[in-house]
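Chain by chain, the residues:
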Amino acid sequence: MSIFIDKNTTVVVQGITGRDGSFHAKQMLEYGTRIVAGVTPGKGGQKFEDKTPIFNSVADAVAATGANTSAIYVTPMFAADAILEAADAGVKLIVAITEGVPVLDMTRVYPFVKEKGARLIGPNCPGLISPGQSKVGIIPGRICTPGSVGVVSRSGTLTYEVVYQLTRAGLGQSTCVGIGGDPINGTNFIDCLAAFEADPATKAVAMMGEIGGTDEQDAATFVMQNMKKPVVGFIAGQTARPGRRMGHAGAIISGSAGTAAEKIAAFEAAGMGVAKRPIDFVELLKKKL
Amino acid sequence: MNIHEYQAKELLRKEGVPIPPGEVARSAADAEAIARKFGTTVVVKAQVHAGGRGKAGGVKLAKTPEETREIASKILGMQIKGLTVEQVLVTPAADIATEAYAGIILDRASKKPVFMVSPAGGIDIEEVAAKTPDKILKLPIDTRYGLQPYQASRLGFFLYNDVKQVRAAGKIMQQLYAAFMKNGCSLAEINPLVTTPAPAGDVVALDAKMVIDDNELDRHPEIAALRDESAEAPSEVLARNANLTFIKLDGDVGCVVNGAGLAMATMDLVKYYGGDPANFLDIGGSSNPEKVVNALKIITADKNVKAILFNIFGGITRTDDVANGIVTATKQNPLKVPLVIRLTGTNEEIAMKILQENGFSASSDMDEAVKSAVALAKGGKTA
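About the criteria used
Counting from 1, residues in each chain are numbered in the order their sequence is written. Chain labels run from A onward and ligand labels from 1 onward, assigned in the order the entries are written. Confidence filtering applies because this is a predicted model: local features only for residues at pLDDT of at least 70, side-chain atom pairs given and counted only at 80 or more, and all residues used for totals across whole chains, interfaces and linings. Secondary structure elements are defined from DSSP: runs of H or I of at least 4 residues count as helices, runs of E of at least 2 residues count as strands, and each element is numbered from the N terminus. Working definition of burial: number of other C-beta atoms within 10 Å of the residue's own, with buried at 20 or more, exposed at 12 or fewer, and partly exposed in between, all C-beta atoms being placed from the backbone. Whether two residues are in contact is decided by their C-beta atoms, placed from the backbone, lying within 7 Å. Residues of type Ala, Val, Leu, Ile, Met, Phe, Trp, Tyr and Cys that are buried and joined through C-beta atoms within 7 Å form what is called a nonpolar core. As annotated, the domain borders come from an automatic or database domain assignment. Think of it as three bins: nonpolar holds Ala, Val, Leu, Ile, Met, Phe, Trp, Tyr, Cys and Pro, charged holds Asp, Glu, Lys and Arg, and polar takes everything else, Gly as well. Two strands are counted as paired when DSSP detects at least two bridges linking them. Between N-to-C directions, angles cover 0 to 180 degrees, with each direction set by a line fitted to C-alpha atoms, over the stretch in contact for helices. In this scheme, a helix's expected span is set at 1.5 Å multiplied by one less than its residue total. Directions are taken from the helix axis to each C-beta atom, and the arc is the one they span. Two helices crossing with the near one rotated counterclockwise from the far one by less than a right angle form a left-handed crossing, whereas a clockwise rotation gives a right-handed crossing. Assignment of crossover handedness uses the view with strands pointing away from the viewer, where a clockwise path from the first strand over the helix to the second indicates a right-handed crossover.

## Some remarks on the overall build of chain A
If you tally the helices and strands in chain A, you get 9 helices and 14 strands. Projecting the C-alpha coordinates of chain A onto the three principal axes gives extents of approximately 55 × 40 × 30 Å. Looking at chain A as a whole, 59% of its 289 residues qualify as buried. Considering only contacts in chain A between residues 6 or more positions apart, those separated by 24 or more positions represent 73%.

## Re the overall build of chain B
Across its full length, chain B holds 13 helices and 18 strands. Taking the principal axes of the C-alpha coordinates as reference, chain B spans close to 80 × 50 × 40 Å. By the burial criterion, 48% of the 383 residues in chain B qualify as buried. Partitioning the contacts of chain B with sequence separation of at least 6, the portion at a separation of at least 24 is 67%.

## Thoughts on the nonpolar core
With 192 residues, the main nonpolar core has Ile72, Ile83 and Ile94 of chain A together with Leu176 and Leu281 of chain B as its most contacted residues. No other element matches the 9 residues that helix 6 (residues 163-182) of chain B contributes to this core. Not counting the four nearest positions on each side in its chain, Ile94 of chain A is found in contact with Ser70, Ile72, Ile83, Ala86, Ala87, Val113, Ala118 and Leu120 of chain A. Residues Ala25, Ala31, Val48 and Ala62 of chain B belong to the second largest nonpolar core, which totals 19 residues.

## What to know about the domain arrangement of chain A
One frequently used descriptor of interface size is the decrease in accessible area upon assembly of the parts. Residue and element names in this part refer to chain A. Annotation of chain A at the domain level lists domain 1 (10-121) and domain 2 (139-288). Of all the elements in the fold, those that place two or more residues in the side of domain 1 that touches domain 2 are helix 4 (103-115) and strand 7 (119-121). Of the residues forming the side of domain 1 that touches domain 2, the biggest block, 5 residues, is contributed by helix 4. Partitioning the side of domain 1 that touches domain 2 into residue classes produces 8 nonpolar, 1 polar and 1 charged.

## Brief notes about the sheet that holds strand 3 (residues 59-62) of chain B
Residue and element names in this part refer to chain B. Taken in spatial order, the 4 strands make up an open sheet running 1-6-2-3, and their pairing is antiparallel. In the strand order of this sheet, the two ends are held by strand 1 (23-25) and strand 3, each with one partner. Averaged over neighbouring strand pairs, the angle between their axes works out to 30° when direction is ignored. Pairing between strand 2 (residues 42-46) and strand 3: 4 bridges, direction antiparallel. Pairing of Lys45 across the sheet is with Val59, part of strand 3.

## Structural notes on the sheet that holds strand 6 (residues 93-96) of chain A
All names here are of chain A. Here we have 7 strands laid out as an open sheet, ordered 3-4-2-1-5-6-7, and mixed in their pairing. In the strand order of this sheet, the two ends are held by strand 3 (47-48) and strand 7, each with one partner. As paired elements, strand 3 and strand 4 (residues 52-55) share 2 bridges and run antiparallel to each other. By the bridge assignment for strand 4, Phe48 is matched with Thr52. Contacts from helix 2 (residues 58-65) reach strand 1 (10-14), strand 2 (34-39), strand 4 and strand 5 (69-72), with the element oriented near 145° to strand 2.

## Re helix 11 (residues 319-332) of chain B
Look at helix 11 of chain B: 20 Å from first C-alpha to last across 14 residues, which is about the 20 Å you get at 1.5 Å a residue. Where helix 11 of chain B is concerned, the buried positions are Thr319, Asp320, Asp321, Val322, Ala323, Asn324, Gly325, Ile326 and Ala329 of chain B.

## Digging into the environment of Thr202 of chain A
Residue and element names in this part refer to chain A. The residue Thr202 is located in the loop between helix 6 (189-198) and strand 12 (204-210) in this model. Separated by 199 residues in sequence, Thr202 and Ile3 have C-alpha atoms that sit 8.9 Å apart. With residues up to four places along the chain from it excluded, the contact list for Thr202 reads Ser148, Gly150, Ser174, Phe196 and Lys229.

## Some remarks on the interface of chain A and chain B
On the chain B side, the residues contacting the 42 residues of chain A number 43 residues. Elements that contribute at least two residues to the side of chain A that touches chain B include exactly helix 3 (76-88), helix 4, helix 5 (157-168) and strand 12 of chain A. The element contributing the most residues to the side of chain A that touches chain B is helix 4 of chain A, with 6 residues. Class assignment of the residues belonging to the side of chain A that touches chain B gives a composition of 21 nonpolar, 13 polar and 8 charged.

## Considerations on helix 8 (residues 260-269) of chain A
Residues and elements named next belong to chain A. Buried within helix 8 we find Ala260, Lys263, Ile264, Ala266 and Phe267. The buried residues of helix 8 all sit within an arc of 155° when viewed along its axis, so they share a single face. Among the exposed residues of helix 8, those oriented more than 90 degrees off its buried face are Ala261 and Ala269. Along its buried surface, helix 8 packs onto strand 12, helix 7 (215-226), strand 13 (231-236) and strand 14 (273-274). Phi for Gly271, located one or two positions after helix 8, is positive at around 75°.

## Examining the domain arrangement of chain B
In terms of domain boundaries, chain B breaks down into domain 1 (21-92), domain 2 (98-224) and domain 3 (233-377). A straight line from the C-alpha centre of domain 1 of chain B to that of domain 3 of chain B covers 43 Å.

## What to know about the packing of helix 2 (residues 28-38) of chain B against helix 3 (residues 65-75) of chain B
Residue and element names in this part refer to chain B. Two numbers describe how helix 2 lies on helix 3: the axes approach to 8 Å, and their chain directions differ by 150°. Viewed along their axes, helix 2 and helix 3 form a crossing whose handedness is right-handed. Across the interface between the two elements, Ala28, Ala29, Ala31, Glu32, Ala35 and Arg36 of helix 2 pack against Pro65, Thr68, Arg69, Ala72 and Ser73 of helix 3. Of the residues in the contact of helix 2 with helix 3, the class split is 6 nonpolar, 2 polar and 3 charged.

## Quick notes on the pairing of strand 17 (residues 339-345) of chain B
All names here are of chain B. Judged by how many residues are buried, strand 17 sits mostly within the fold: 6 of 7 residues are covered. Relative to strand 17, strand 16 (residues 307-314) runs parallel, the two sharing 7 bridges. By the bridge assignment for strand 17, Gly314 is matched with Gly345. Chirality of the crossover, the property in question, places the unit of strand 16, helix 11 and strand 17 among those that are right-handed.

Encoded structure:
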């Protein structure tokens, strides 16, 4: 078992003939992801890698293949439209990898996706992987191994770092989800924590947060009130200066809300394990498994 | 991206917001000439990307053109929160009966732009929020429908009793919202929004601030052109033009990392092992050798840097690109400080080979690399 994606997940790749889309579609196929369709308007009827059919619209792709998940690699200015298109076509899981999507675009997209009953992950995220079953996005498959740790993170390469260290220490993962670093994203920590709590294959959760906002504090409250499974947390940006943008638009410390110290205190108050360094996840999780 | 007060006012004027006239001066003589033209008492206001300009002495009243010159000469060149004042806005002083606050902030929690208005304006809105939260009305807006007339009216009634002023304020709210959406803002505020004394009782915007979402700039070249590079640290300008995200800090361990989260975690680890990071630097996802060359240029320009640490986890980033960048950059400009390299991920074997052939060694372990860099910055041997 796993959360959000498994061996039955069928994927349509939006932007499959683009530079990033084609590269990562190949990587996903190599990993064993069931990519059933691609979409590039104007290239309908062609085939990707002589095998996967390409359609002009997501609606056409879903009608022909029944794809239940979309991976989006289109450029930032067209990402909002791509997400709306996927939701409108009835896709239930939409993974938007695109970085640099205007935040105001997301204020229109988010309520529409909700109303359609779909789940959006991202934008500006590495996607997700259920090791040994399926990957949707760009997380390198070879650093993961199947197991019982659920991983959820706001960052990309920091997720890789932690997963790599877990795998090296023999701790496999049920699902790794990168929710993205933007101020408005489709799926938050709580959504993932609730799913991990309900997933029989997940025995413990590793959660990597960042400075900025209050998502980690809200997640800590959720852990305290609703979770039986152990959760270990880490906050990146302990050395950040207040008020400075640190690469992710979301990682802004405004006033007192959103500092690393506040978030770590919330983790401790919720009885969570606190990793001071990425490597600390290994020992803390081993103790709880 | 931050823009100056005078630029924000110009964008609001385009939507019809009533704002007193004003002109920008880069010299005391120009400020004097502008004051002479207005022929009345003026306010001289520092144009810098920092809050609390008034408290810092960057906003002053001047009764005559001569006094304007004298005040402008003091404000120009002044340091406010580490930023040098290069320009002042000269604007006629207004008669003020009341001061209110009106702003729109992109809110993560509600995932919407949220209007905030308060009849207690002119001062720090965060202070009002902390001390008298009932004096603030917060109204989230669904951008699919936009600000509706009944909502604008509700905002107006929260500020004023006089129906004429309520209507005027409602209209300004619509105009503020239009400017917020059209220009891709993450924040737009008018503080203070004033009323002039009776019988006129006009509602007028005396100060404005806007922050533009960087992700919108490709869509708004005219807004991108408003960027004032003289108001930013030179190293940060250089980095942005090279497509790198860079923030200068005070330590001595220069850091080059791919990904914002890992970059922050690397800085934290430097601190954990007793060192002090000199910067935040994210070379981004799909890096090419040229980016690494630019990153090293920026970092070596900082005289505080005593050791340089690369921490690269290749996903999209190909580690052989980074290795080639390191070799090219150090051939062009031999390093005067020690270099510690940690590389793992995509094309790691090729990268290691490139580095070894050029006399570099690299580790695949993050903790070991950080410890070495900290020790070297302190003048010691590698761990």
